[in-house]
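Residue-level structural notes
Listed here are the chains, written in short residue letters.
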Amino acid sequence: MVSEHAAQVLVASNRGPVSYTLREDGSLDARRGGGGLVSGLSAIGQGADSLWVCAALGDGDREAVRRGTGEPGVRMLDIDAGVHADAYNGIANSVLWFVHHMLYQTPLEPAFDAEFRRQWAAYETYNRAFADALAAEAAPGAVVLVQDYHLCLVPGMLRELRPDLRIGHFSHTPWAPVDYFRLLPDDIARQLLRGLLGADRVAFLTRRWADAFAACAVDVLGDGALDGTALGVHGLGADADFLRARSQRQDVEEWLVRLRERVGAGRRTVVRVDRTELSKNIVRGLLAYRQLLTDRPEWRGRVVHIAFAYPSRQDLAVYRDYTASVRRLAEEINAAYGTDDWQPVLLELDDDFARSLAAYRMADVALVNPIRDGMNLVAKEVPVVSDEGCALVLSREAGAYEELGEDAIVVNPYDVMATADALHEALVMEPQERTERTKRLAAAATALPPAAWFLDQLAALASE
Ligand code: G6P
């Protein structure tokens, strides 16, 4: 795809488009990642002047930086490992992620103590490293798109260093409501907001998150806080072309056969695919499924819950504990209800994209019940690749609800009983209705594919 965009484009994010692992023989194995930003950036065209600035995340990445063997168009920053751990695990994942997803158990947490202040200093150092690198790399008048809660301070820092740049920031997460955001110490809340408002434009996945941000900015910084910064909303959609082609490949077909065998002939499936992420609400999903089997014995032996929960942020004890709870509950359900020829829950904790696509294709019901979620692409991907139509049980707290709410069965993610009822309703939906709803869901889910999503942001930034 060719765009009319002429200026140099820089993207800044913690995790880059490529990662390296060090093989035993000392060579480096490069693995390219997927996702909206990768396909978005490729939309500005081959040969266009672009640079992706990201952090070196492990020994392999650091070695690649030392050897200078990086990919063209990617600059990895070799930030001190301790600084990175404090900024990423300590502040980004344990504070900012928790605030925006409202995950604290507030009688005990948070406690913004000396350790927090130490980690905050690392977060500043880490953001400073990005701002310095961007300032050094950007051509005059370049466009810089800064991503997510890892890099909230970068726009303000960069604005001071390089007032000539057009700076955008995009949040892929929700934004907390005012009262929750104000759990943060006042000076930190101010610093975060001022950092972001250093951008010409700050953008979000839904109107709800953009409004929450604006409310926080005015509450903390006062009237006029938003002057000089535009607010945008770009609801990232599913990449239909990629998904449809990928889901027809041989490895997916093979998984389909295997999964069908494991489920057993004639049984319905309730499918969920997530990172084992606290905000995804996997435990309440399992509780709801157990409630369904308890309240409606007619489903025993006739439905299987396929739950793929891929490892995530395992450096954090709270994530490891959560993974253990998911595993325990799945085992309890299987022990309580399973029979010789029926396993009620198929839980898999190792990541396999082809297997996920096979589960998407065969799902009768997709369960997407996050506590809070910036968008949730699973809700958008399943209808696109579904073979025979799939009923979607969707949390009203997912960003995707704004676009898909009408054709989904909508739940309050905390309400286990209502979620169990929603699963039943989804399982008994008439095939024709299911097919029609799936078509409408797929159309809404693909309204703004990654390339258009990215180009829209560039166009808006150029015109504001
Ligand atoms: C999810 C969120 C993104 C975030 C990413 C980081 O995909 O939607 O907002 O940037 O997680 O994940 P990581 O594995 O790098 O911590």
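Residues numbered from 1 in each chain as written. Predicted model: local features only at pLDDT ≥ 70, side-chain atom pairs only at ≥ 80, totals over all residues.

**Structural notes on the pairing of strand β11 (residues 303–310)**
- With seven of eight residues buried, β11 is to be regarded as a mostly interior element.
- By the bridge criterion, eight bridges tie strand β10 (residues 268–275) to β11 in an arrangement that is parallel. Paired with T269 across the two strands is V304, which belongs to β11.
- With respect to chirality, the unit in which β10 leads through helix α11 (residues 282–295) into the neighbouring parallel β11 is right-handed. (Buried ≥ 20, exposed ≤ 12 C-beta atoms within 10 Å, placed from the backbone. Helix = DSSP H or I, 4+ residues; strand = E, 2+ residues; numbered from the N terminus. Pairing = 2+ DSSP bridges. Right-handed = clockwise from strand over helix to strand, strands pointing away.)

**Considering the nonpolar core**
- Ranked by internal contacts, the top residues of the largest apolar core, which has 141 residues, are V144, L392, V393 and L423.
- For V144, the contacting residues outside a window of four places in its chain are L10, A12, L134, A138, L158, L165 and I167. (Core = buried A, V, L, I, M, F, W, Y, C linked by C-beta atoms within 7 Å. Contact = placed C-beta atoms within 7 Å.)

**Observations regarding the site of the ligand**
- Looking at the ligand, the residues that line it are N14, R15, D148, H172, T173, S312, R313 and G374.
- When its residues are assigned to classes, the shell around the ligand shows no nonpolar, five polar and three charged.
- Domain assignment of the residues forming the shell around the ligand places at least three in each of domain 1 (7–236 + 452–463) and domain 2 (240–445). (Near = placed C-beta within 6 Å. Nonpolar A, V, L, I, M, F, W, Y, C, P; charged D, E, K, R; others polar. Domains from an automatic or database assignment.)

**Here we look at the sheet that holds strand β7 (residues 166–170)**
- Taken in spatial order, the seven strands line up as β5-β4-β1-β6-β7-β8-β9 in an open sheet, and their pairing is parallel. Of all the strands in the sheet, the pair left with one neighbour each is β5 (74–77) and β9 (230–233). Recorded for the sheet is a direction-independent mean angle of 20 degrees between the axes of neighbouring strands.
- In this sheet, strand β4 (residues 50–55) lies alongside strand β1 (residues 9–13) in parallel orientation, the contact comprising five bridges. (Axes fitted to C-alpha atoms, helices over the stretch in contact; angles between N-to-C directions.)

**Quick notes on the domain arrangement of the protein**
- Each assigned domain of the protein is listed here: domain 1 (7–236 + 452–463) and domain 2 (240–445).
- Summarising the inter-unit geometry, the C-alpha centres of domain 1 and domain 2 are found 30 Å apart.
- Listed per partner, the contact involves 16 residues of domain 1 and 13 residues of domain 2.
- At the level of elements, α3 (81–100) and α8 (207–221) are the ones that each hand at least two residues to the side of domain 1 that touches domain 2.
- Grouping the constituent residues of the side of domain 1 that touches domain 2 by class yields six nonpolar, eight polar and two charged.

**Thoughts on the confidence of the model for the protein**
- Chain-level pLDDT for the protein is 95 on average; 98% of the residues reach the 70-or-more range.
- As scored by the predictor, the complex reaches a pTM of 0.96 and an ipTM of 0.96. (pLDDT = per-residue confidence, 0-100.)

**What about the sheet that holds strand β15 (residues 409–411)?**
- Pairing is parallel across the open sheet formed by six strands, whose spatial order is β12-β11-β10-β13-β14-β15. Bordering the open sheet on either side are β12 (345–348) and β15, each of which pairs with just one other strand. Here the strands of the sheet are splayed against their neighbours by 15 degrees on average, with no regard to which way each runs.
- One ladder, built from four bridges, connects strand β13 (residues 365–368) with strand β14 (residues 391–395); its direction is parallel. Its bridge partner being in β14, V368 is matched across the sheet by L394.
- Along the sheet, helix α12 (residues 317–337) contacts β11 and β12; its crossing angle with β12, the most-contacted strand, is approximately 155 degrees.

**Considering the pairing of strand β8 (residues 201–204)**
- Burial of β8 is two-sided: the residues R201 and A203 facing one way and the residues V202 and F204 facing the other way are all buried.
- The sheet contact formed by β7 and β8 spans three bridges and is parallel. By the bridge assignment for β8, H169 is matched with V202.
- For β8 and β9, the ladder comprises four bridges, and the chain directions are parallel. The partner of R201 across the bridge, within β9, is A230.

**Structural notes on the packing of helix α13 (residues 353–362) against helix α14 (residues 378–385)**
- Interaxial distance between α13 and α14 falls to 8 Å at its minimum, and their mutual angle equals 65 degrees. Classified by the interaxial angle, the pair formed by α13 and α14 is roughly perpendicular. Between α13 and α14 the crossing geometry is right-handed. Between α13 and α14, the contacting residues are L357, Y360 and R361 on the first element and E381, V382 and V385 on the second.
- A breakdown of the residues in the contact of α13 with α14 according to their chemical character gives four nonpolar, no polar and two charged. (Parallel < 35°, antiparallel > 145°, perpendicular 65-115°, else oblique. Left-handed = near helix turned anticlockwise from the far one by under 90°.)

**Considerations on α14**
- Of all eight residues in α14, eight are buried; the element is thus mostly enclosed.
- Those residues of α14 lying buried are V378, A379, K380, E381, V382, P383, V384 and V385.

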